[in-house]
Amino acid sequence: MAGGLIVKFGFAAALGAAFLYAWAHARADRRAVLYGRLSFFASVAAQATASALLLFFILTHQFQYTYIWSYSSTNLPIPLLISTFYAGQEGSFMLWTLFTALIGLFLARYASRKDYEAEVMAVYSLILAFLFLMLVVKDPFEYIWVTFASDVIQSGPVPQGLANILVLDAAKGLWAQIPAEGRGLNPLLQNYWMVIHPQILFMGFSAMAIPYTLAVAGLLKKDYHSWIRVATPWSVFAALVLGVGIILGGYWAYETLGWGGFWGWDPVENSSLIPWLICVASIHTSLTQRRNGAFVRTNFALSLLSFVMVLYSTFLTRSGILGDTSVHSFVDPGMWVYWLLLLFIAVFVALGFGLLLWRMREMPKVPVQHSVLSREFALFLGAGALVFSAVFITVGTSSPIITTLLNGKASAVDIMYYVHTNLPLGIAITFLSGVGQLLWWRRTKTASLLKRMLVPAVVAFGVTAFMLLLGTEELLILLFVFTAAFSLAANVQVGWDMYRGNPKLAGGALAHIGIAVMCIGFVTSERYDETRTVALEKGKPAETLGYQLTYTGHRQVDAERYAFDVRVERDGRVLQVAPVMHYSEFTQSILRHPDLVNFLHRDFYVAPLSVEEATSGGSRAFELLKGTPTPLDGLSVTFLGFDFTDADRDAMMENKPFEIRALLEVVEGAKRERVVMRMNGGAGAPEYIPGRFESSSGDYAFTIVQMKPNQEDDSMSALVVSVTAPTDASRAGKDETLVIEASIKPYINLVWVGTVTLAIGFLLTMYRRLTERETSESEEEETEA
């Protein structure tokens, strides 16, 4: 009860701060600024107290609170127990509100120094008030007997011997038993990245509010130029923090989820990427305004849109509208939250863009003073490409909403939609991030540009030729590699010159280097990876992808999880991997977690598929490529394809019962039969129904282990099957067998090195913007990256 009251006090204080600051702006009342500041500080204190109280209740296992019972348990280690603070709807809003409040303390001081406090903090306090309102509606301090009144509240005498009894109303004989244990944390979230990733992501969401507030403050003050200098350090900070959060999420997926990738174009993943792209676009267009006053309206619009898209992503994630199309989406929070999120978006769209339209006629129109061969034009094109990328991703991410409005049924776009729309834009972005560094402000002579492009072009041709020798012949992929390598070489060339002159100026070049290295890493790790499915019988070495693998047995990690130890040998070096696989009562499904060995120029990645118990018969795993016959004990087995209806496809997207069939053709001599294997899915663990073939030596059973549809080229689709053969002497006494998918991810470290380089570039840029002096601004812009 106390926690809920503190949250309501924080809401009132934040709303009061917004009113007092707005009054101070309208009346130029300095006392109102002081009172507004005190009211804002009170709201921060309230949120810090409420957060500390919730964390204390979590650590002391106060399961009388619904939120704590729903997401924590007594058997969680302390780091994961702390992470349950933000594991659900209520807690994640609590974390977002906490970061917004704390960052506001620094913003208030910064805005006061820049004579922007009243305008900035009026808007920022209103944002904080809306977040508090979400906590009032989704109360993390709600008691379990309030949430589940009909199930928890009992009447009459309390039975003897019951523990944890709380009398609610002695006169009416009402009582409730407090649970002794919580439901626990989702096993997919029981990872050390859960302690790090969400906090950074929500800090990025909080930071995105600052460029919005500064843009609105500039509009309120009719300050159409100097606001951009005030806002730039915060825009860079927001892009840095949110970008790091996105990348950490990608690494978490790569290391934990077992599909061997770091980005799955899931709608919730995309919803974090969209505001980041728009914010980065605004950083680039702000350079031109700082230089010659152009792009005034564009910079206002992009700064406003960055935060609006954060709110939109929150609506997608928290409203439950993506529940059937995203593995990350929260469940339906109820109509109150649904409409409150829509109101949140509507208020800040109306406030920001309404004010922009109101002031637009007053804004100065700066005539074009640059040629096509100029840094201004390259920045404009680059920012435009980033915005178009954000638009395409927004359309794809919003497809469940769009399809629901059109035909009443939510469905997600195919993943290849994102590849086909963003690859050409990626080519443009990487090329412009390189050539833009070689251009001068206003105009550049063609001969001078061609001379400066010579070395980067030679390097790019060399890298592309190397990629071509490795086997890729896709034109757009090769062009993407060429432009990324060109950008890398151009930014190294320019960055080195800047570093020798003034190291603070090298931040932009360093960030571009990071992006270029990342892009090359995307291609090498995804287009040149090799994957094999291997059945490892215990104690028997098997060769694959140049490694010798030996399954040495399994061991119990905790109450549910089992690790499967595999010895990895190559060139006399012996290493160990231990992928984890277990059935989760929480998710009612089998969960698989990979393990990997990291080398300097590649990762060796092992994902578990299944384990077959020791048997006197034969049980083996095969990977069957569509249309390619595979020999098996005198049989010929060909995978024909997958078979499922549109109704099954829709049911699968909606997490309803569905059936997928995989078709095989099995030939023995003149006998030719079609074998149908089935997987029934939906709620709970999937059921695998084998298909059978009666051979001359006995009955063969084929069971689906893993499906590998190829959405780019269906002829390259594959299927992993487990084959149980008739018992005979040649296969008797087979030991326990672990079926794995082994992969080599070449040069994937380029992705991680690129992200670190990008972050350092952002940090250097932010430091420069925070410490620069107005008198040196024009000189430094001459060599701006």
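Remember, it's a predicted structure, so these values are computed and weren't measured experimentally.

A look at the pairing of strand S17 (residues 671–681)
And step 1. For strand S16 (residues 658–668) and S17, the ladder comprises 11 bridges, and the chain directions are antiparallel. Paired with glutamate 665 across the bridge in S17 is arginine 674.
And step 2. Here S16 hands over to S17 after two residues, with glycine 669 in that stretch at a positive phi of 65°.

What to know about the sheet that holds S16
And step 1. The strand order S14-S15-S16-S17-S18 describes an open sheet built from five strands, whose pairing is antiparallel. Edge positions in the sheet fall to strand S14 (630–632) and strand S18 (687–689), since each has one partner strand and no second. The sheet shows a mean angle of 25° between the axes of neighbouring strands, direction not considered.
And step 2. Pairing of strand S15 (residues 635–643) with S16, which is carried by seven bridges, proceeds in the antiparallel orientation. By the bridge assignment, phenylalanine 639 is partnered in S16 with leucine 664.

Focus on the nonpolar core
And step 1. One finds Tyr212, Leu214, Trp276, Phe300 and Phe762 to be the most contacted residues of the largest nonpolar core, which totals 131 residues.
And step 2. Setting aside residues up to four positions removed in sequence, tryptophan 276 forms contacts with Met208, Ala239, Leu242, Gly243, Ile246, Ile515, Leu758 and Phe762.
And step 3. Core analysis: the second largest hydrophobic core is formed by 29 residues, Leu432, Ala484, Val523 and Tyr528 among them.

Observations concerning the sheet that holds strand S3 (residues 174–177)
And step 1. One open sheet holds the three strands; their spatial order is S1-S3-S2, and the pairing between them is antiparallel. Sheet topology places strand S1 (153–155) and strand S2 (165–169) at the edges, where each strand pairs with a single neighbour. Averaged over all adjacent pairs, the angle separating strand axes in this sheet is 35°, with direction ignored.
And step 2. Where S2 meets S3, four bridges bridge the pair, whose relative direction is antiparallel. If you follow valine 167 over to S3, its bridge partner there is tryptophan 175.

A closer look at the confidence of the model for the protein
And step 1. In the predicted model, the protein carries a mean pLDDT of 85, and 91% of its residues have values of at least 70.
And step 2. Averaged pLDDT values over the elements of the protein bottom out at 43 in helix H23 (residues 777–781) and peak at 96 in helix H2 (residues 30–59).
And step 3. pLDDT under 50 marks residues 773–785. Its contacts with residues more than four places away, or in other chains, come to 36 contacts.

Details of the packing of aromatic side chains
And step 1. Applying the stated criterion across every chain, the model contains 43 aromatic pairs.
And step 2. Here the aromatic rings of phenylalanine 40 and tyrosine 124 are separated by 6.3 Å at their centres, their planes lie at 55°, and the arrangement is tilted. Placement of the pair is phenylalanine 40 in helix H2 and tyrosine 124 in helix H6 (residues 117–137), with a sequence separation of 84 residues. As far as burial versus exposure is concerned, phenylalanine 40 and tyrosine 124 are alike and both buried.
And step 3. Members of the aromatic cluster, each reached through a chain of ring pairs, are Phe56, Phe57, Tyr65, Phe141, Tyr143 and Trp145.
And step 4. Lying over the aromatic face of tryptophan 23, arginine 27 brings its terminal NZ or CZ to 4.9 Å of the ring centre.
And step 5. Here the basic side chain of arginine 375 rests over the ring of tryptophan 441, its NZ or CZ set 5.5 Å away from the ring centre.

A word on a nonpolar patch on the surface
And step 1. Among the surface-exposed residues, Leu34, Tyr35, Leu38, Phe41, Leu102, Leu105 and Phe106 lie close enough to one another that they form a single nonpolar patch of about 670 Å² accessible area.
And step 2. Considering each element in turn, the nonpolar patch owes the most residues, four residues, to H2.
And step 3. The residue phenylalanine 41 is located in helix H2 in this model.

Description of the pattern of salt bridges
And step 1. Under the definition given, this model contains 16 salt bridges.
And step 2. Close ionic contact of arginine 359 with glutamate 362 constitutes a salt bridge, the shortest N to O distance being 4.0 Å.
And step 3. Note on arginine 359: relative accessible area 10%, which makes it buried.
And step 4. Of the residues examined, glutamate 362 reaches a relative accessible area of 39% and is grouped as partly exposed.

Rules and cut-offs
- Along each chain, residues carry numbers from 1 onward, in the same order as the chain's sequence is written.
- Per-residue local features are limited, in this predicted model, to residues with pLDDT of at least 70; the limit for side-chain atom pairs, both in listing and counting, is 80 or more; totals at the level of whole chains, interfaces and linings are taken over all residues.
- Remark: hydrogens and water are excluded; side-chain values derive from all non-hydrogen atoms of the structure.
- Only strands joined by at least two bridges in the DSSP assignment are considered to pair.
- Numbering of helices and strands runs from the N terminus; a helix is a DSSP stretch of H or I covering at least four residues, while a strand is a stretch of E covering at least two.
- Note on definitions: angles span 0 to 180 degrees between N-to-C directions of axes, and those axes are lines fitted to C-alpha atoms, for helices only across the stretch in contact.
- Residues belong to one nonpolar core when they are buried, are Ala, Val, Leu, Ile, Met, Phe, Trp, Tyr or Cys, and are joined through side-chain atoms within 4.5 Å.
- We call a residue buried when its accessible area falls under 20% of the maximum for its residue type, exposed when it is over 50%, and partly exposed in between, using a 1.4 Å probe and counting protein chains only.
- Contacts between residues were defined by any pair of non-hydrogen atoms, one from each residue, lying within 4.5 Å.
- Every residue is assigned a pLDDT by the predictor, reflecting its confidence on a scale from 0 to 100.
- The criterion for an aromatic pair is that two Phe, Tyr or Trp rings (for Trp, the six-membered ring) have centres within 6.5 Å, with stacked assigned to planes under 30 degrees apart, edge-to-face to planes over 60 apart and tilted to the rest.
- Any Lys NZ or Arg CZ found within 6 Å of a ring centre and within 35 degrees of that ring's normal is scored as a charge over the ring.
- Residues form patches when they are more than 30% accessible in relative terms and have no salt bridge. Like charges link within 9 Å. Nonpolar side chains (Val, Leu, Ile, Met, Phe, Trp, Tyr) link within 5 Å.
- Only the protein chains shown count as covering a residue, and every accessible area follows the Shrake-Rupley method with a 1.4 Å probe.
- We count a salt bridge whenever a side-chain nitrogen from Lys or Arg sits within 4 Å of a carboxyl oxygen from Asp or Glu.

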